[in-house]
Structure formats: structure tokens, C-alpha cells
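# Tertiary structure, described
If you want the building blocks of each chain, they are given just below.
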Amino acid sequence: MKKRGVAVFGSTGSIGRSALEVINHLQHEVQLVAIAAQQSVNQICAQASRYQPETIIVSDPEAAQKVKDRLGRKYQVLAGIDALVPIAADPKIDIVIMAISGTAGLNATLTALSSGKTVALATKEILVSYGEIVARTARRFQGKILPIDSELAALHQCLAGQEIKSIRRLILTASGGPFWQNGPPKNATIDSVLKHPTWKMGKKITVDSATLMNKGLEVIETVKLFGIPPDKVATVIHPESVVHALAEFVDGSILAQLSRPDMRLPIQYCLTYPRRVPSLVAPLNLTEIKSLHFFPPDTRRFPCLQLAYEALRYGATAPCVLNAANQVAVKAFLNRKIAFELIPDIIEKTLKEHMKKKKRARLSLSILQQAERRATDYALKLINLVSGE
Ligand SMILES: NC(=O)c1ccc[n+]([C@@H]2O[C@H](COP(=O)([O-])OP(=O)(O)OC[C@H]3O[C@@H](n4cnc5c(N)ncnc54)[C@H](OP(=O)(O)O)[C@@H]3O)[C@@H](O)[C@H]2O)c1
């Protein structure tokens, strides 16, 4: 069997590191061709030595120069985020694992899809903000999007071979983050927000889990990827993070996907799809787990989830605006510029401001990019007002 070429964009992050482990595990059938990161020089050099890709892309120019100096001529080292684009089109690559946080990997995603490749998409922000364009590009050029996000990967499995019209509801589970029981404390510290009970992830998504915006983003992803109306997508708090999502059908049956909370499983699912092969993840022992719990989410104490539904129902550029405002607010919290409880405030105000403007019926890449830029600027202005800068 010819090995399939894989690129891992965002290789030094939580998903990227897991992806490299899975690629190593599947080395008899996949070949790592390229890795990319922003600035983690030591880590990307170590990954190059360990996993031997041909090409390394480092988007920060200074960091790229350091990587070149350290690795010499053995590898092709490219600088800048734009360097991802030709690599995404490289015929040696069959699957692009997109795990760059935020929307910086959008052009590379669109290029891979328009080259007819498979994109194993971890980066939810791309689907939330640019889902229509991404789906349109995949359809037009026969590219394939396979979701890595565990809830979406679970739905992908539950919906295999099912007709859309037979779906009554899709249910996404949420661990609830560190505060689901008592609500977020006043002035929650960064350490307490980053203490996720079940998953080890990058900082941005861990903050999103604590506000429940992560679930809101996944609701939007679900609507955009599977073409389901927003009122057919529900969420439920499930602290054990064992059931990743459920699909309820019109006959009353529910299909669910269960596994240990370990991202190496959905990553492998994307790399071997539609086959299944033994993975690095230990099987579940249901008699050890004994019980699983489900609770309704409290949208009063976690308004971000509700804001995501509002953006989705409003449609047009609103999900892109919600995502942009959230990115800015989370960054400001992590940089100690705003308190945790101000995150939903910043998003709500940015969204309301956006909704005052004329609604765009037909979405294009440039309209969405403009909405993202404006929302980013507006949210930054609000943050500067609050932090007195
Ligand atoms: N972690 C999870 O379990 C999980 C689950 C589902 C979905 N996701 C989604 O997957 C994405 C990645 O999450 P993560 O937790 O792996 O994030 P992370 O640990 O923060 O890693 C982010 C990665 O993106 C790279 N990066 C950031 N900006 C870049 C840029 N401008 N150019 C090139 N590379 C850039 C980083 O490089 P440097 O290290 O050099 O900064 C790093 O490799 C997010 O969209 C998240 O929502 C994550």
C-alpha cells in the first residue's frame, strides 16, 4: 500500500503533538511530510529530529531563522504563515491536519481543499467563522473535511449511513470545565480557569471550556458541517467526558460514541477513515466507570453558550463576529487585561454592535474577513476602555 503523505500544521500544540504520536504509530501507512508552528523553536527542532519531516514551516520570521541556523540544510525550512499555502497544495501531501489555533490557517485549509485533499480539521474557529466558504470549497473541488474535534468526530461516526431527515436532535456533551457546578467565581484566576478536569489542551480552548463558549463554538461547527438547523442541536453537561456526542433519530433511537477522553483517537479516525485499526488509546472499561452523569447546562451562569446560539440564529457574519470577539477577549484575559467574567460581556457588546448593521445575505471570503477585522477592532476598543489603556 502506498503511504499517504501528511502535514501537521500546529505541530507543537496539544493536538499537533498527539497527531505526531499517531502518525508514528501508523508509520506503516502514513508518512509525515511537513510540520508547522509559530515560534516554538526548541520544540519544532526536537520534532524535526524525532520525526524527520522534509519541510518545516515557522510563521514567525525570527524563530524561522533560528530553526534554519540550528537544523542546517537537512530540512527545507520556510518562514511566514503564507508558506503554508504551497505546502498545502504539494502533491506529496494527501492529508493536512489543521491544528493551528484561531483562523491563521484559513488560506492553507482552503488551498488543501481546493487541491482535492482531505483536511483533518481540529481548528474549530475556521469552521465557525468561515464554515460556508470552507464547505463550498470542499464541495466544488471534491476536498474532504474530517473533524478532529471529539464531539464532531463522534457525530461523524453516529451519522454514518443515516439520512439527514431522520435526525431528531444532535446532542453535544460538555465536560463543563472547572466551574460547572457552582458557576465561575468572582475574579477567577488564570490558574483556576486552566485547571480542566478531564482534557489536557491548549490555553485558548481551555478558557473556552471554562466559559462554555467551547460548546457554543461546537454547536456552530455542527450546524455548518452537517447542515442541521440550530434548534436541532442540543448540549448537555457530562462531567466524565466519556460519551462525546449522541444522535437521536425520529424513531426514538439514540446512537452515541464513547471512548476515553484522548484526542489520539479522533486523530487516528481521520487518518485511517473509513477503516479502523488498533490505536494507542486503551479501551473503555464500563464496569470500572460504573455510572455516567448528564445535566442541563446553566446558560444564565454561562451566557457564552446562549450567545453562540444567538449568533447562529441571526446567521450571516454573526458567528464570525462572535468568534473574533471571543478570541480577543480570551487573549485579554490570559494577558491579565480583563477579568474572567468580562469575557461574555465583551462578546455580547461586540455582537450587538454588529447586529445594528445591515445584514449581508450572501457571504464571501472578503465579507467574512472584513467582519472579523471589524469585530476584532471593536472588541479591542472595549478592552482598552476597561483596562484603561
Ligand atoms: N487541544 C484539544 O484537545 C482540542 C480539541 C478539539 C479542538 N481543538 C482545536 O484545535 C486547535 C489547536 O488547539 P490546541 O489545544 O492544540 O492549541 P495549542 O496547544 O495552543 O497549539 C496551537 C498550535 O498552533 C500553532 N500556531 C498558533 N498560531 C500560529 C500561526 N500564526 N502560525 C503557525 N502556527 C501557529 C502553535 O505554534 P507555537 O507552539 O509555535 O506557538 C501551536 O503549534 C484549536 O483551534 C482548538 O480549538 C483542540
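Structural notes, computed from the coordinates.

Conventions and cut-offs
Going along each chain's sequence as written, the residues are numbered from 1 onward. Per-residue local features are limited, in this predicted model, to residues with pLDDT of at least 70; the limit for side-chain atom pairs, both in listing and counting, is 80 or more; totals at the level of whole chains, interfaces and linings are taken over all residues. Water and hydrogen atoms play no part in the side-chain values, which are based on all heavy atoms of the structure. Runs of E in the DSSP output that reach at least two residues are strands. Runs of H or I that reach at least four are helices, and both are numbered from the N terminus. Throughout, the radius of gyration refers to the C-alpha atoms, and the reference size of a globule is 2.2 Å times the residue count to the power 0.38. A simple rule labels every residue: compare its accessible area, found with a 1.4 Å probe on the protein chains alone, to the largest value its type can have, and call it buried under 20%, exposed over 50%, or partly exposed in between. Residue exposure ignores everything except the shown protein chains as possible cover, and the areas themselves are Shrake-Rupley values with a 1.4 Å probe. The positive count covers Lys and Arg only, the negative count covers Asp and Glu only, and His and the chain ends enter neither. Every charge is mapped onto a representative atom, which is NZ of Lys, CZ of Arg, CG of Asp or CD of Glu. For this description, a residue counts as near a given molecule or strand if any of its non-hydrogen atoms is within 4 Å of it. In this classification, the charged set is Asp, Glu, Lys and Arg, the nonpolar set is Ala, Val, Leu, Ile, Met, Phe, Trp, Tyr, Cys and Pro, and all remaining amino acids, among them Gly, are polar. What fixes the domain bounds is an automatic or database domain assignment. Patch membership is restricted to residues that have no salt bridge and whose relative accessible area is over 30%. Joining uses 9 Å for like charges and 5 Å for the nonpolar side chains Val, Leu, Ile, Met, Phe, Trp and Tyr. For salt bridges, the criterion is a side-chain nitrogen of Lys or Arg within 4 Å of an Asp or Glu carboxyl oxygen. Expected span of a helix: the number of residues minus one, times 1.5 Å. Here, two residues are considered to be in contact whenever any of their heavy atoms come within 4.5 Å of each other. Strand pairing follows a simple DSSP-based rule, namely that at least 2 bridges must link the two strands. All axes are obtained by fitting lines to C-alpha atoms, using only the stretch in contact for helices, and the reported angles, taken between N-to-C directions, cover 0 to 180 degrees.

The secondary structure content of the protein amounts to 16 helices and eleven strands. Relative to the 2.2 N^0.38 estimate, which gives 21 Å for 389 residues, the radius of gyration of the protein is 20 Å and therefore close to what a compact globule would have. If one aligns the C-alpha atoms of the protein with their principal axes, the spans along those axes are about 55 × 55 × 40 Å. The burial tally for the protein puts 55% of its 389 residues in the buried class. Carbon and sulfur atoms provide 51% of the accessible area of the protein, an area that totals close to 17,600 Å². Distance between charge centres in the protein, computed from 50 positive and 33 negative side chains, equals 3 Å.

With that settled, the discussion passes to the site of the ligand. As a structural note, the neighbourhood of the ligand is formed by 25 residues, with Thr-12, Gln-39, Ser-40, Ser-59 and Glu-125 the closest of them. When the free accessible area of the ligand is taken as 900 Å², the share hidden by the protein chains comes to 88%. The class makeup of the residues in the shell around the ligand is ten nonpolar, twelve polar and three charged. Each of domain 1 (4–147) and domain 2 (151–309) accounts for three or more of the residues forming the shell around the ligand.

Turning our attention to a positive patch on the surface. On the surface, a cluster of positive charge is contributed by Lys-357, Lys-358, Arg-360, Arg-373, Arg-374 and Lys-381. When you line up the elements, Lys-358 lands in the loop between helix 15 (342–355) and helix 16 (365–387).

Further remarks concern unusual backbone geometry. Following Tyr-273, the chain continues to Pro-274 via a peptide bond in cis, the omega torsion being 5°. Here Pro-274 lies in the loop between helix 11 (264–272) and helix 12 (286–289). Non-glycine residue Gln-142 carries a positive phi angle of around 55°. As for its placement among the helices and strands, Gln-142 is situated in the loop between helix 6 (124–141) and strand 7 (144–147). Judged by relative accessible area, Gln-142 falls into the exposed class, the value being 67%.

This part takes up helix 1 (residues 14–25). Taking 1.5 Å per residue, twelve residues should reach 16 Å; helix 1 reaches 17 Å between its end C-alpha atoms and fits that length. Regarding helix 1, the residues found buried are Ser-14, Ile-15, Gly-16, Ser-18, Ala-19, Leu-20, Val-22 and Ile-23. Where helix 1 is buried, its residues touch strand 1 (4–9), strand 2 (30–37), helix 2 (41–51), strand 5 (95–98) and helix 11.

In this section: the sheet that holds strand 4 (residues 76–79). Spatially, the seven strands line up as an open sheet ordered 4-3-2-1-5-6-7, and their pairing is parallel. Edge positions in the sheet fall to strand 4 and strand 7, since each of these pairs with one other strand and no more. Put simply, the sheet's adjacent strands are angled 20° from each other on average, direction ignored. Where strand 3 (residues 55–58) and strand 4 come together, four bridges link them in parallel fashion. Directly across from Val-58, in strand 4, lies its bridge partner Ala-79.

It is worth spelling out the sheet that holds strand 8 (residues 167–174) at this point. For sheets, the rule is that strands pair by backbone hydrogen bonds, running either parallel or antiparallel. Taking strand neighbours across the sheet as the criterion, the four strands line up as 9-8-10-11 in an open arrangement whose pairing is mixed. Only two strands of the sheet have a single partner each, and these edge strands are strand 9 (233–237) and strand 11 (254–258). Going across the sheet, the axis of each strand differs from the next one's by a mean of 20°, ignoring polarity. Sheet topology places strand 8 next to strand 10 (residues 243–249); five bridges connect them, and they run antiparallel. Pairing of Ile-167 across the sheet is with Phe-249, part of strand 10. Helix 10 (residues 213–226) contacts strand 8 and strand 9 of the sheet and is inclined by roughly 150° relative to strand 8.

By themselves, these are just geometric observations and shouldn't be taken as functional.
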